[in-house]
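Structural features, examined
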Amino acid sequence: MSALLELRGIEKRFSGVHALKAVDLHVDEGEVLALLGENGAGKSTLMKILAGVQRADGGEIRVGGEVRSFRSVAEALEAGVALIHQELNLAENLDVAANVFLGREPSRWGVIDAARMHREAGTWLKKAGLEIDPSTAVSELSIGRRQQVEIAKALAVNARILIMDEPTSSLSETETRKLFDVIRDLKASGVAIIYISHRLGEVQEVADRVTVLRDGEKVGDLDKEGISHESMVRMMVGRDLDAFFPRRQGEVGEPVLEVDGLRTLAFPAESMGFSVRAGEIVGIAGLVGAGRSEMLQAVFGVDRRLAGEVRVGGRLVRGGSPAEAIAAGMALVPEDRKRDGLVLEMGVGENLSLVTLARDAFPGGFRRGSAERQVEKEMGEAMRIKTAGAGQAVGRMSGGNQQKVVIGKWLAMDPEVLLLDEPTRGVDVGAKHEIYVLMEALAERGKAVVFVSSDMVEVLAMSDRILVMHEGRLGGELSREQASEEAVMALATGGKL
Ligand SMILES: Nc1ncnc2c1ncn2[C@@H]1O[C@H](COP(=O)(O)OP(=O)(O)OP(=O)(O)O)[C@@H](O)[C@H]1O
Ligand SMILES: [Mg+2]
């Protein structure tokens, strides 16, 4: 019997990169296959080829034993192959229902049947675990919710083969649980699922089999019994990673960042105060929508503060402009790299130099090519950023490598206070480890590090102290000794310890 889907000898080259080298892959009905590999290994490219987004240079795709060749996304959808993109792909100016049915709007006498579209969209959204009004504008949704709209969109086409490229990277624990329920239902109804994730705990939970790519080649498969954290890491990076979470010995000093009576636009009725000491790493936990990103943005001054004071090293930072925050020694690595992190058309060196060049503005406004190359070399090495040669536009790099560029850009300015919003979202295990090492190194040098994360393991392992947010306020604080998954969840859902 042949597999529901079979890829044989898939080849893909981009100018300068041999992205896929004779890759084979198969998946059966009702099977969840996890596709793993480091940033830039070729996972998204392979899936885009399967879903008709890109054309292969060679090889064969078989669906139900028949050779198929998809010239467009529409053709792939017709054959039952749907892809949920890693970089979200929704139409900002349309409402949720219109996005779910984009290109396939139900019509009556040649006019879009809006009532039916909204009704049916509601059903699919529910199945994807999202209970919102289908006429909500997409631009009003958080990343987590947009991700769920993407899932509803794929469910609505009744896909037989559903590809999820890092679906949980911006979902909370609860939302991830919901997604796993959806996956179980789909599996039971015979849908084949290809699941890409850098969260190995999830893979262990959800996958029936694992296929690993490295540098565009298939390294091998692991069956259900063979799946373990160690076996997956070894296959992906080709070596064991020791001390995944580094621990420093450093001393904690004076408060560097002090926040007092802060009120944000998102939760105008709530006010927050906390401080972070030199050498301290503080994790901000909470459910998606608890106001964590809004808090960081208000501290940094991207968003207006309604009230409150922020001090760095005892000096008042008035707020209202990121430029002032940067001058005071603050850096913010944002959550949505596509929106506020990068200039996608520019190269790595230029992106890495954006902040430092703005800060040390050069009289006359020349762009300093040599400084750019220096930063590119240093940060590129420290973060192991993988490009297809100098000058590659950042927009063409793999998702995880883009994330590294965002972080590298802010680290290059050597901040006193580093604010990170979901810093390891979408980065591979090796790069995660490198980001942790960089956070620790900053703390050890007496800087204050604050990070928002929805990855429970990471929050528990990396934080000296955890602040838990619930509906726009600080629900509680946990010391390293008090910290546990149960304690974080209790506070995050509005409970007490
Ligand atoms: N449109 C493109 N033009 C040029 N190079 C590309 C393009 N798309 C992908 N690449 C390159 O192909 C390689 C594979 O990228 P791909 O996005 O498939 O990686 P990935 O395994 O999905 O990584 P990640 O985990 O970071 O998402 C990378 O070196 C990337 O820079
Ligand atoms: Mg990818």
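In every chain, residue numbers begin from 1 and rise along the written sequence. Written order determines the labels here, with chains lettered from A and ligands numbered from 1. Confidence filtering applies because this is a predicted model: local features only for residues at pLDDT of at least 70, side-chain atom pairs given and counted only at 80 or more, and all residues used for totals across whole chains, interfaces and linings. Values shown for side chains rest on all heavy atoms present in the structure; no hydrogens or waters enter the calculation.

Going by the annotation in an unreviewed UniProt entry, the name recorded for the chain is Sugar ABC transporter ATP-binding protein, with Haloferula rosea given as the source organism. UniProt positions are given in the numbering used here, feature names are shortened, and annotations may be inferred rather than shown by experiment. Among the UniProt annotations of the chain, the heading Subcellular location (unreviewed entry) holds the following wording: "Cell membrane".

Once the domains are mapped, the chain shows domain 1 (5-237) and domain 2 (255-492). Contacts between the two partners involve 26 residues from domain 1 and, on the opposite side, 26 residues from domain 2. Once two parts are joined, some of their accessible surface, as seen by a 1.4 Å probe, is lost; buried area is that loss totalled over both. Taken together, the two surfaces of domain 1 and domain 2 that pack against each other cover about 2,000 Å², and 50% of this comes from carbon and sulfur. Under the rule applied, a polar contact is a pair of N or O atoms within 3.5 Å (in protein, one hydrogen donor and one hydrogen acceptor; residues adjacent in sequence only if both atoms are side-chain atoms). Summed over the shared surface of domain 1 and domain 2, the number is three residue pairs in polar contact (both at pLDDT 80 or more). Of all elements in the fold, only helix H5 (143-156), helix H6 (173-188) and helix H8 (229-237) reach the threshold of two or more residues within the side of domain 1 that touches domain 2. Only Asp, Glu, Lys and Arg are considered charged, only Ala, Val, Leu, Ile, Met, Phe, Trp, Tyr, Cys and Pro nonpolar, and every remaining residue, Gly among them, polar. Tallied by class, the residues present in the side of domain 1 that touches domain 2 amount to eight nonpolar, 10 polar and eight charged. Domains are outlined according to an automatic or database domain assignment. We call two residues in contact whenever any of their non-hydrogen atoms come within 4.5 Å of each other. A run of DSSP states H or I qualifies as a helix once it reaches four residues; a run of E qualifies as a strand once it reaches two. Both are numbered from the N-terminal end.

Being paired, for any two strands, means DSSP has found at least two bridges between them. Judged from the six bridges that link them, strand E13 (residues 255-264) and strand E16 (residues 305-312) form a sheet pairing that is antiparallel. Bridging across to E16, Leu257 finds its partner in Val312. Where E16 meets strand E17 (residues 315-317), three bridges bridge the pair, whose relative direction is antiparallel. Bridge pairing in E17 links Arg311 to Leu316.

With that settled, the discussion passes to the pairing of strand E14 (residues 272-277). Side chains Met272, Phe274 and Val276 project from E14 onto a buried face, and the interleaved Gly273, Ser275 and Arg277 project onto a face without burial. Where E13 lies against E14, five bridges are found, and the strand directions are antiparallel. If you follow Pro255 over to E14, its bridge partner there is Arg277. For every residue, the accessible area obtained with a 1.4 Å probe (protein chains only) is divided by the maximum for its type, and the residue is called buried under 20%, exposed over 50%, and partly exposed between those limits.

The next thing to look at is the pattern of salt bridges. Between Lys or Arg on one side and Asp or Glu on the other, a salt bridge is scored when a side-chain nitrogen of the former is within 4 Å of a carboxyl oxygen of the latter. Applying the stated rule across the entire model yields 23 salt bridges. Measuring nitrogen to oxygen at the nearest pair gives 2.9 Å for the salt bridge that ties Arg209 to Glu31. Separated by 178 residues along the polypeptide, Arg209 in strand E11 (residues 209-214) and Glu31 in the loop between strand E2 (17-27) and strand E3 (32-36) bring together distant segments of the chain. Each member of the pair, Arg209 as well as Glu31, is classed as buried. Glu202 is paired through a salt bridge with Arg199; the nearest N and O atoms lie 3.5 Å apart. The burial state of Glu202 is the same as that of Arg199; both residues are buried. Here the salt bridges do not stand alone but share partners, grouping Glu6, Arg8, Glu60 and Arg62 into one network.

Turning our attention to the site of ligand 1. Being near a molecule or strand, for a residue, means having at least one of its heavy atoms within 4 Å of it. The immediate surroundings of ligand 1 are formed by 20 residues, with Gly40, Lys43, Thr45, Ser398 and Gly400 found nearest. In the model, an oxygen atom of ligand 1 is placed 2.8 Å from a nitrogen or oxygen of the Ser44 side chain. His198 places a side-chain nitrogen or oxygen 2.9 Å from an oxygen atom of ligand 1. Class assignment of the residues belonging to the shell around ligand 1 gives a composition of five nonpolar, 11 polar and four charged. Counting the residues that make up the shell around ligand 1, at least three belong to each of domain 1 (5-237) and domain 2 (255-492).

Attention now moves to H6. Between the first and last residue of a helix there are one fewer steps than residues, each counted as 1.5 Å, and that sum is the expected span. With 16 residues, H6 should cover 22 Å at 1.5 Å per step; its first-to-last C-alpha distance of 23 Å lies within 8% of that length. Where H6 is concerned, the buried positions are Glu175, Thr176, Leu179, Phe180, Val182, Ile183 and Leu186. End-on view of H6: buried residues confined to an arc of 160 degrees, all on one side of the axis. Of the residues in H6, the exposed ones pointing more than 90 degrees away from the buried face are Asp185 and Ala188. Close packing links the buried residues of H6 with E3, helix H4 (114-127), H5, strand E9 (161-165), strand E10 (192-196) and helix H7 (200-206). Immediately beyond the C-terminal end of H6, within one or two residues, lies Gly190, with a positive phi of roughly 90 degrees. The directions from the helix axis to the C-beta atoms are what the arc is built from.

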